[in-house]
Each structure stands twice: as structure tokens, then as C-alpha cells.
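# Summary of structural features
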Amino acid sequence: MSNPSSDDLSVLLVFDGRSDRDLLYRWLTESDGFTPRVPETDADPFAGDFDVCLLDVDGTRAHGDALSAYRKSTSTYHPTLLYVAERFGDPGAALARLDSAGDHVDETVAAPIRQAALARRLRALARARSLSTELAASRDRLERLVRHLPDAVFVCRDGVVTYANPAAESLLAVEPSTLEGRPLADLVPAVDADAVTAALTAAGTAGRGGPIETTLTRAVISDTDGGVADDSAASSTTGPADSRPVPVEMTTIDVGEGDVQVVAHDLRERREREERLALYRRAMDEATVGITIADHTDDDEPLIYANNTFKGLTGLGDDQILGHNPRLLQTDATDVESIARLRRAIDAGEEESVVLLNRREDGRMWYNALDISPIRNDDGGVTHYLGFQRDVTDRVARDQRLTVLDRVLRHNIRNRLNVVLGYADHIDGVIEAYAGGDGPDAKTDTVDVEALRADVDRIRTAALDVLDLSDSARKFREDVVDIEDADAVDAAAVVEEVTARLAAANDDAAVRLSLPDRRVCVSGAAPLMLAVEELIANALEHVPAPTVTVSLSVDGDDAVLRVADDGPGVTPDSRTPLEYGAETPTEHGQGIGLWLVRWSVDAAGGTVRYEESSGGGAAVVARLPLVDDCSDDAGE
């Protein structure tokens, strides 16, 4: 026989018959892979560890109680093999005579027996022990996992709780004895009892049920007398009892042999997180500034969120915003340097603030004060960009008015006053010459009266230009800027009245008017009247014997006013108010008239643009939003 090794099977021989024991002991000693041993004392024959216990009939009868106690004291499986000598006859009959001691026998082997057959039987029992040990270890791991699982776990049979892990005890603040033997449906509100029962049934038939959301509360746990379980039943490790409902997500799983495992995930943290997120979402949705979030991980940086204010600012819906880059709001007139600044900041992952000219869904321009800020992940990388938008059109419009009026004062009025001063000096010189004495300033006897009259006419013209500028600014301030009420007015009546008045004052002009055969209601008589006056007066003033075509029509939700002439058109620099809405040091209009048109139409909530007239001249098209019905005397 080879030397015993740690891999040899340890076989304990508990025999009353010495001859049989010695024979089997010798066989095992001679066989490879076995280490036989005999009890050291009869008082404790199963002391020490072994893989398989080999007993004879008398040994089993004598030590049956000790074997039973040993097997109950150990958590691992120790298989037993009963050797039945020939004198005991049939193994079944021998087992029957052992009474309760035979309950601890796993297999029998009867004499005569061959050495190889005995070895096979012992190895088979050893494999069973090994598998049992692995299964027990696995079971222990699973039990530890369930015990330490943060989710509450119940095991139910026929809907009744047979086991609850510590998390379940903590969740309900009760001892396990309070939960075991109680129907699971009793732990939830009555309104959810049927759903829980259905989930348990689904686990038994389909292997899994749920998840369903319900609540668990110890307030529904009654004692055997029908009262609520005493708070003192709560274990000291679970903290103070709490009868408030605990929201849970419950899933049922069939674990075999009629048992159903119920996992109840505590939803309080998730609900609190969802409530915080919902609060943040409501705060963003209802904020008085536009808020957007763009996905920086996507090359096109599409918007993934836009609040209600942003939608109101742009006139766009979710389907037109989400998934699109914010550049969709830009126009051809949007300042390219501001866009470049924005792009550089985004590429560098930095904050930036710019004012951009944007276009609403209805075509109206507005100035967007945009602030962007990067959102970073835990590694510091930019994943999103947060944008804040404010409509600063009124502020920009005020700045524009100041800029335009400053230009008018510095250029137009100064130029005209220089004309006045120049011709006044000339007239003064003529007077001095006429009234002078001897010498170089000798009195002249003649005065060129026609030349003086021409000078006076030039002075008068310049003065009237200054008065016109002042009157235009006054009318804009009084009729547009300071207006508080914007009652609905019939645009057709306003256009007809203004056109007729100006045509009557210009006999050499051909003024054509086209009006719809319906009422066209827009907001504000004063802005509309000022715009119509400026457009028609501009055409009548700058074109000799002009043909001016004035038309008003309806296109969708807009009233469309078009004033066209057959003159030379408007120079590019003078179109600035209509095409860009802002002046630069190198691009500005020559007068204030078209600015008044632009501001008036803006005040009425409309848009205005320049286009070439079919007659070769200029055409200005204003679109004003239609409003509800207007009164008969509106605009009078």
C-alpha cells in the first residue's frame, strides 16, 4: 500500500464483530486511496472527522443513538454504509431489526463482498458527501447573501410568509416571529392585496411575477387578538417603530418546491430622488428665462431639453427644437463675430455670454441675450451645455433708437444747421457791404435780391428738414413708444384714410390702392398709421411724378401691407433698418424714416422687409399679425 495522502478517503469502521472489521480494515489498507481507522473509544466512537462511516449490524445497534446525535451536530453530510454479514441474512430484514438505528443507514452491502466492489461503493458515497458539502457551502453563501441583501426578502408558501430576512424585519420594524405565518397580502394595503396575490400566483405558474408598486407598513400587522402589534416587539437593532407606509417595488420568483421568493425594493430613496428631479424640472420648466440643455457628446450638439419660456420666445414646439442644433434660430443678419465667440467658448469648454439676433417661428426678429455654461462629468469632461436665454429686444431697440437719433443729431441736423449758418453768413456779408462806409467796406448801392431770396429759401428748406426730423421723432415717441393701449383696429380703414390724405396733397402723383373686401384687424392704430405715412410719403418725396402702389391683403394669420414705387429704389446703406435692424460704424441709414417704419411695425408685433418692385423701384412689405374683431370706430 502506498503512504496515506490528504486525498485519501477516510473510512471510519464501527464494528462489533472484530473479525469482519479486521478483514475490511486490511482490504482498505491494501487498496489505493483509502485511509481506514477505528474509534479510539467506545464512549465517543464518531470523534474526529471522516468521509464515510462503515458499520456492521451490531455496531449500528450499539451506537445508533451516538450516530444520530453526531449527524445532527454537524452541518455536513457524513454517509454511512451498513455491512451485513451472512449470518444476518437479507439486508432488508437486517435493517428492519435495527428499528430507529437503521434510519441513519444510507446504503447496505452484504457478504460475501469483493474488495473492488466495496471500494466502488465507498467512493460513490464519498462523491455524494463531496457534492453535499459543496451544496451546503453554496446554500450558506446564498443564505448570507439573502441575510445581507439591502432589499427586503420574504419566502412564501401558499401566500404565507415562512421566512423574512433582516432587511424585511428592519423595513417593518418587527421581529421575524411577527412576520412568519402571516399572509403576505396582509402586509400591504387592501387595495393592493389582489395584485400581490396575483404576483404570487404568476411566480408559481410562469416562474416570475411583477414588478408591482405597493406599500408595506407595520401598522397593518395585527397580533393574534386583532390589535396592532406592540411597538415593543421591534428589535433593538431595527430602530424605532415607524407606522408610515414604505413604498416598495415587489417582484416574486419561484424558487422550487412550492416556495416563492418575494423581493421588496425600498423605493423611498428613488421616490425622493424623483421628487427632487421633478422639482428641478418644474423649476426649469416654469423659469422666467429660457433654459436649454444641449448634448455636447454629439457632434451636432442637439438640444435635449427646452423649457416653456424658451418655446414661448421662439414660437417652436418640442418636435422643432429637440434633436436640433440651436443655430436654427440664427438669421443671415446674426452677427458672425458673436457666433464665432460662442463657438470658441464651446470648443474650449468655457462659459460665454453674447447677444444674438434670432428669428421666431412667425418670422419676427428678436434679440437673444444668451449665456452658456458647461456641465461636466465626474472626470471633468464636458458632457452638456446649459443655455439661458432672455429677450432683450426692447433694450436693444432703445439702444438702436439712441444710436440712430445720435447719428441724426450729429450728421443730419448738424449738416442742415451748417447750411443755415453758411447762407446766414452770406446774407450778413451782403448786408454789411450794403451798409458799409469808405475804404474796402465801401457802401454798395445795389443788392442781388434774387440771390438773397435763394439763400433764404435754402435756409428755410434746411430749417423745415430739421422740423420734419423733430416732428418724426415726436410722433414716434407719442404714437408708438408712449402708447399704452393697443386696441384692435381695421387696417383697411387706416390704410385707406392715410393713402387718400397723402394722395390729395400730391396732385402730380398716381397713387393706386388695393384693399380686401373684408375687415382686417390688427393691433394699434398709431403704429400702423405712422408706418403707412412714412412709406407713402417717402415714395412721394423722392420720386418725381411717381406711381405709388399701396396694397393690403391677408396671408394666413397676417395682414400684409405693401408699398411700392417706380423710383430708383433704396440704396443698400439705407436699407439697414429693414434688413438688419442694427447700425454699425460703416453701415447706417441716411435718414430716420425707415427706422420709424421698422420700429412702428415692431411695436405692432410685425415684421418688415425690403424687395425690388416690379416697376423697377422700391417695395417695402410689412406683415402684421391679425387679432380678434375690431370696433367700427377704431382708428378714427
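Since this is a predicted model, take the numbers as computed values, not measurements.

## Brief notes about the overall build of the protein chain
Scanning the protein chain from terminus to terminus reveals 17 helices and 22 strands. Across the 636 residues that make up the protein chain, the buried fraction comes to 40%. Considering only intrachain contacts with a sequence separation of at least 6, the fraction spanning at least 24 residues in the protein chain is 61%.

## Digging into the sheet that holds strand β19 (residues 547-555)
The strand order across the open sheet built from five strands is β17-β19-β20-β22-β21, with neighbouring strands paired in mixed fashion. Each edge of the open sheet carries a strand with a single partner, namely β17 (510-514) and β21 (607-612). When the angles between neighbouring strand axes are averaged without regard to direction, this sheet yields 15°. With six bridges joining them, β21 and strand β22 (residues 618-625) adopt antiparallel strand pairing. Directly across from Val608, in β22, lies its bridge partner Ala622.

## Some points on a nonpolar patch on the surface
The grouping of Leu277, Leu279 and Tyr280 at the surface amounts to a nonpolar patch, some 320 Å² of accessible area in total. Relative to the helices and strands, Tyr280 is located in helix α8 (residues 268-285). Judged by its relative accessible area of 47%, Tyr280 is partly exposed.

## Some points on helix α7 (residues 190-206)
Its 17 residues place the ends of α7 25 Å apart at the C-alpha level, agreeing with the 24 Å of an ideal helix rising 1.5 Å per residue. Buried within α7 are the following residues: Ala193, Val196, Ala199, Leu200 and Ala203. Projected down its long axis, α7 shows its buried positions confined to an angular sector of 130°, all on one face. For α7, the exposed residues lying more than 90 degrees away from the buried face are Val191, Asp194, Thr205 and Ala206. Among the structural elements, β6 (152-157), β8 (208-216), β9 (246-256) and β10 (259-266) are those in contact with the buried residues of α7. Directly after α7, the chain includes Gly207, whose backbone phi takes a positive value near 90°.

## Notes on the pairing of β10
Alignment of β6 against β10, held across six bridges, turns out to be antiparallel. Opposite Ala152, over in β10, you have Ala264 as the bridge partner. By the bridge criterion, eight bridges tie β9 to β10 in an arrangement that is antiparallel. Considered in β10, the bridge of Thr252 is made with Val262. Between the end of β9 and the start of β10, which pair antiparallel, lie two residues, with Glu257 showing a positive phi angle near 55°.

## Structural notes on the packing of helix α15 (residues 525-542) against helix α17 (residues 593-603)
Between α15 and α17, the least distance of the axes is 8 Å, while the angle of their chain directions is 155°. What the angle tells us is that α15 and α17 run roughly antiparallel. Where α15 crosses over α17, the two elements pack in a sense that is left-handed. Contacts from Pro527, Leu530, Ala531, Glu534 and Leu535 in α15 reach Gly593, Leu594, Leu596, Val597, Ser600, Val601 and Ala603 in α17. Of the residues contributing to the contact of α15 with α17, the split by class is nine nonpolar, two polar and one charged.

## A word on the environment of Arg127
Of note, Arg127 is situated in helix α4 (residues 115-148). For Arg127, a relative accessible area of 53% puts it in the exposed group. Counting along the chain gives 76 residues from Arg127 to Asp51, while the straight-line C-alpha distance between them is 9.5 Å.

What counts, and at which threshold
Residues numbered from 1 in each chain as written. Predicted model: local features only at pLDDT ≥ 70, side-chain atom pairs only at ≥ 80, totals over all residues. Heavy atoms only, no water. Helix = DSSP H or I, 4+ residues; strand = E, 2+ residues; numbered from the N terminus. Buried < 20%, exposed > 50% of the residue type's maximum accessible area, 1.4 Å probe, protein only. Contact = heavy atoms within 4.5 Å. Pairing = 2+ DSSP bridges. Axes fitted to C-alpha atoms, helices over the stretch in contact; angles between N-to-C directions. Patch = residues over 30% accessible without salt bridge, like charges linked within 9 Å, V, L, I, M, F, W, Y side chains within 5 Å. Areas by Shrake-Rupley, 256 points an atom, 1.4 Å probe, with all protein chains shown as cover. Salt bridge = Lys/Arg side-chain N within 4 Å of Asp/Glu carboxyl O. Expected span 1.5 Å × (residues − 1). Arc of directions from axis to C-beta. Parallel < 35°, antiparallel > 145°, perpendicular 65-115°, else oblique. Left-handed = near helix turned anticlockwise from the far one by under 90°. Nonpolar A, V, L, I, M, F, W, Y, C, P; charged D, E, K, R; others polar.

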